[in-house]
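# Chain and residue survey
Spelled out from the first residue to the last, the chains are:
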Amino acid sequence: MESLHSPFARQLGTNYVPSDSDVIEIRQLLTRPKARVDEVDKEIKRIKDLLESLQRQRQVDTTYINQHEAILSPIRRIPVEILQCIFLRCLPTKHNAVMSSLQAPVLLTHVCRDWRAAALKMPRLWASLHIPIPSRPLKPSVFSSYPTPTSPQYAEEEFQRHTQAVQRWESKMQERRQIVKMWFTRAAGCKLSISIMFYDGSVRRVSGEAEVVSNTLKSIMDIVVAYSAQWQRIEVVASYPHICDLLALPVHTVPYLEHIKVTCNTWSMPPIATGPALYRQVSPTGLLAAPSLTSFHFKLLPEPPLTLPVNWAQLRELYFDGSVSRAFDGTTVEFTPSDAAYLLRSCPLLVRCRLVVVQNSMFSPSATPSVFNFNPDSEDEESTGPITLPHLEYLSIYEGAPLQDLFSQLEVPVLNDISFASCIPPYDSDSTSLVALLKKCGPTVQKLTFDYPSFTIQDIKQCLSLVPGLTHLSLSIKLRDKSYCVQSFDPHGFSSMAKLNNAFLAQVTPRLEAVDDGTGRESVVTLCPKLVSLACKSLPSEFSEDALLDFIKSRRSEAMYRHGIAPLRKVHLFFKRPKDLDVMKELEKANVDVRGLEVAVTYDDPSEKDAEYLSPTLGLEPNIYLPYPW
């Protein structure tokens, strides 16, 4: 490249004003460079044209290659049987399939013609369905700020918006009716898993609106019921009258039904009846008497649980998540420890069980008749003897009344997973009911979840000492809503709610201590030596990050492994306070082996919601400095 020299080099970049002779000389000086620039521009254009031509040719060749390589794609040569197995693995695992083109199986029909054909020929792919029926839009409420002689009227815009919303709802429900019918047709003769969620907040509905909503639900339910001979699992969230209609189906129409889950929408129930007009007991020859029923979930039914006509002896799963306080006939609905004992004794095959035991002293004893014709408070040998559940592996129980006596009767040789919560205040003078249960089954328990504010610190230590094989520990400050019942408390006692402070964490942090036998040997002192997972939720500022680091370091050290301490695998914590330090970074700085360790520590500081923490403007409104508008 030729180097250019200028006689005006010293004047370049200055405010120099050239003379007439300088102007002529400069123009002559620029003649050759300008000519070379024109030549270079032409060469650049030629090269650009060549590059664009090559790029176009490359694009043509690439498209040709891709189109032919697509034919060679292995997925095209997979046998239909294998492709259908892959399709099955695409289905959701935590819920039934949904009517959405973003999820399988509908998504699989939108890929290509062959996939659509394979999916439509596969009845098992369409054997589950979730059917949501949202609440029909209500008319907007009209209120007047001042007394008026006539009722306030809707604005025209409000009326139009409501009309459009109702039209959209009706169109969507008509579409879902058609989809449900088509879906079950594709399922052919497969056993079906169906969930129906009917969100009917019908508190302010007039009779005409209520009839439209009821007819809409009936039109969809008629399609669902037409396939009842294929039901294997049915889950329903609806108001009690609709649940009664479902449970009244004759037992011979559901020969394959194994799982029932019913949840009553208390906000859409009719008012409590003064007579039997609105109150209907569940039919004794209906759905609950299904011959193959092995799993029963129910929640907020206005029926005493023991009056339900279920063949309890064949159940392997039982989940009772609480009743309403009163039935439609005005009687009290309770589930006392005696009721729980009777029910468990009636279910010898249980593998998984969850119960809410409630004895509400605010109400009088229940007078609702039982179809079992039994007296759970009788003191015969059967009601006071052991309750043997040889297959029970999981037990979740909410204590709304003292359960020591119930737990002392249990014989559960393979119970390994316990979840426990209580509304009974903790006192130093009394032990938690959980101790009575762990004394029966502690050596087999591997997973334990409990609501620690319902315990004293001594209760927690005693419970953990009874479960030497515990691998998973989960602690929560609010495992369940404590408003299920009102329990009397000791007016002369002082509640001793446990705190998960540094001293507590030290109890589960392994440490070496010398054995007092003159040999110089050391032994490990700790609770839960097999612990591999710790989860704590909604913790206030109790134990510190430093104590947490000591806990993790100790349970990840080689010295502890050699003494039989299991390596920690997972720590999930949720603190309601500011973050002090990054736990994972501190572990890496300390050269702790974090391979295979999952640490998730979440912080939620209320003081940082609307303003920066420690900001001088904390608590001020955003427009505090703006002048008044008047």
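Residues numbered from 1 in each chain as written. Predicted model: local features only at pLDDT ≥ 70, side-chain atom pairs only at ≥ 80, totals over all residues. Heavy atoms only, no water.

## Some remarks on the overall build of the protein
Helix and strand counts for the protein stand at 17 helices and 18 strands. Burial analysis of the protein (630 residues in total) assigns 39% to the buried set. Put simply, the protein shows about 36000 Å² of open surface, and 55% of that area lies on carbon and sulfur atoms. (Helix = DSSP H or I, 4+ residues; strand = E, 2+ residues; numbered from the N terminus. Buried < 20%, exposed > 50% of the residue type's maximum accessible area, 1.4 Å probe, protein only. Areas by Shrake-Rupley, 256 points an atom, 1.4 Å probe, with all protein chains shown as cover.)

## Considering helix 4 (residues 80-89)
Buried within helix 4 we find Leu 83, Gln 84, Phe 87 and Leu 88. The arc that holds the buried residues of helix 4, viewed along the axis, is 145 degrees, so those residues lie on one side. (Arc of directions from axis to C-beta.)

## Digging into the pairing of strand 17 (residues 570-575)
Of the two faces of strand 17, the one lined by Val 571, Leu 573 and Phe 575 is fully buried and the one lined by Lys 570, His 572 and Phe 574 carries no buried residue. Traced from strand 17 through helix 17 (residues 583-589) to strand 18 (residues 598-603), the parallel crossover comes out right-handed. (Right-handed = clockwise from strand over helix to strand, strands pointing away.)

## Structural notes on the nonpolar core
Counting 132 residues, the largest nonpolar core has Phe 184, Trp 231 and Phe 296 as the members making the most contacts within it. Among residues more than four places away in sequence, those in contact with Phe 296 are Ile 260, Val 262, Leu 288, Leu 308, Val 310, Trp 312, Leu 315, Glu 317, Leu 318 and Tyr 319. The next biggest cluster of nonpolar side chains, apart from the first, holds five residues, and it includes Val 358, Tyr 398, Ala 421 and Cys 423. (Core = buried A, V, L, I, M, F, W, Y, C linked by side-chain atoms within 4.5 Å. Contact = heavy atoms within 4.5 Å.)

## Remarks on the pattern of salt bridges
In this structure the tally under the stated criterion is 12 salt bridges. Among the salt bridges present, the one from Arg 136 reaches Glu 170, with a minimum N-O distance of 3.7 Å. Taken together, the residues span a long stretch of sequence, with Arg 136 in the loop between strand 1 (128-133) and helix 6 (156-186) and Glu 170 in helix 6 at a distance of 34 residues. Judged by relative accessible area, which is 10%, Arg 136 ranks as buried. Of the charged contacts in the structure, one is a salt bridge between Arg 595 and Asp 593, with a shortest N-O distance of 3.0 Å. Overall, Arg 595 belongs to the exposed group, its relative accessible area being 67%. Residue classification places Asp 593 among the partly exposed positions, given a relative accessible area of 32%. (Salt bridge = Lys/Arg side-chain N within 4 Å of Asp/Glu carboxyl O.)

## Some words on the packing of helix 4 against helix 5 (residues 113-120)
Relative placement of two packed helices is described by the angle separating their axes and the distance separating the axes. Running from amino to carboxyl end, helix 4 crosses helix 5 at an angle of 75 degrees, the nearest separation of the two axes being 10 Å. What the angle tells us is that helix 4 and helix 5 run roughly perpendicular. Residues Val 80, Leu 83, Gln 84 and Phe 87 of helix 4 lie in contact with helix 5, whose contacting residues are Trp 115, Ala 118 and Ala 119. Grouping the constituent residues of the contact of helix 4 with helix 5 by class yields six nonpolar, one polar and no charged. (Axes fitted to C-alpha atoms, helices over the stretch in contact; angles between N-to-C directions. Parallel < 35°, antiparallel > 145°, perpendicular 65-115°, else oblique. Nonpolar A, V, L, I, M, F, W, Y, C, P; charged D, E, K, R; others polar.)

## Some thoughts on the layout of surface pockets
By volume, the largest pocket amounts to about 570 Å³. Lining of the largest pocket is provided by 24 residues; of these, Pro 92, His 95, Asn 96, Ser 128 and Ser 193 occupy positions nearest its centre. Those elements that provide at least two residues to the lining of the largest pocket are strand 1, strand 2 (192-198), strand 3 (231-238) and strand 4 (259-264). When the residues that make up the lining of the largest pocket are grouped by side-chain class, the tally is nine nonpolar, nine polar and six charged. (1 Å grid on protein atoms, 1.4 Å probe; cavity = no way out; pocket = protein on both sides within 12 Å on 5 of 7 lines; lining within 4 Å. Points joined across faces, edges and corners; volume = space filled by probe spheres on them.)

## Remarks on the packing of aromatic side chains
What the rule picks out here adds up to 12 aromatic pairs. With a centroid separation of 5.3 Å and 65 degrees between ring planes, the pair formed by Phe 87 and Trp 115 is classed as edge-to-face. Taken together, the residues Phe 87 in helix 4 and Trp 115 in helix 5 connect sequence positions 28 residues apart. With relative accessibility at 1%, the residue Phe 87 sits in the buried group. Judged by its relative accessible area of 22%, Trp 115 is partly exposed. (Phe/Tyr/Trp six-rings, centres within 6.5 Å; stacked < 30°, edge-to-face > 60°.)

## Observations concerning the side chain of Ser 554
Structurally, Ser 554 is set in helix 15 (residues 545-555). Setting aside anything within four residues of it in sequence, one finds Ser 554 in contact with Thr 509, Pro 510 and Met 560.

## A short note on the pairing of strand 13 (residues 472-476)
When you tally the buried positions in strand 13, you get four out of five residues, the bulk of the element. At this point the chain moves from strand 12 (residues 447-451), through helix 13 (residues 457-465), to the parallel strand 13, and the crossover so formed is right-handed.

## With respect to a nonpolar patch on the surface
Together, Ile 75, Ile 82 and Ile 86 line one region of the surface with nonpolar side chains, adding up to about 230 Å² of accessible area. Within the secondary structure layout, Ile 86 lies in helix 4. (Patch = residues over 30% accessible without salt bridge, like charges linked within 9 Å, V, L, I, M, F, W, Y side chains within 5 Å.)

## Notes on the environment of Val 98
Mapping Val 98 onto the fold places it in the loop between helix 4 and helix 5. On a C-alpha basis, the gap between Val 98 and Pro 132 in space is 9.1 Å, while along the polypeptide they are 34 residues apart.

## Description of the confidence of the model for the protein
Mean pLDDT for the protein: 82, with 80% of residues reaching 70 or above. Here helix 10 (residues 381-384) stands out as the least confident element of the protein, with mean pLDDT 59; strand 10 (residues 410-411) is the most confident, with 95. Low pLDDT, under 50, characterises residues 361-379; the predicted model gives this stretch 31 contacts beyond four residues in sequence or across chains. A low-confidence stretch, residues 623-630 stays under pLDDT 50, and its non-local contacts, those more than four residues away or across chains, total two contacts. (pLDDT = per-residue confidence, 0-100.)

## A look at the environment of Ala 248
Mapped onto the secondary structure, Ala 248 falls in the loop between helix 8 (240-247) and strand 4. Sequence separation of Ala 248 and Gln 281 is 33 residues, and the distance between their C-alpha atoms is 9.6 Å. For Ala 248, the contacting residues outside a window of four places in its chain are Ser 283 and Gly 286.

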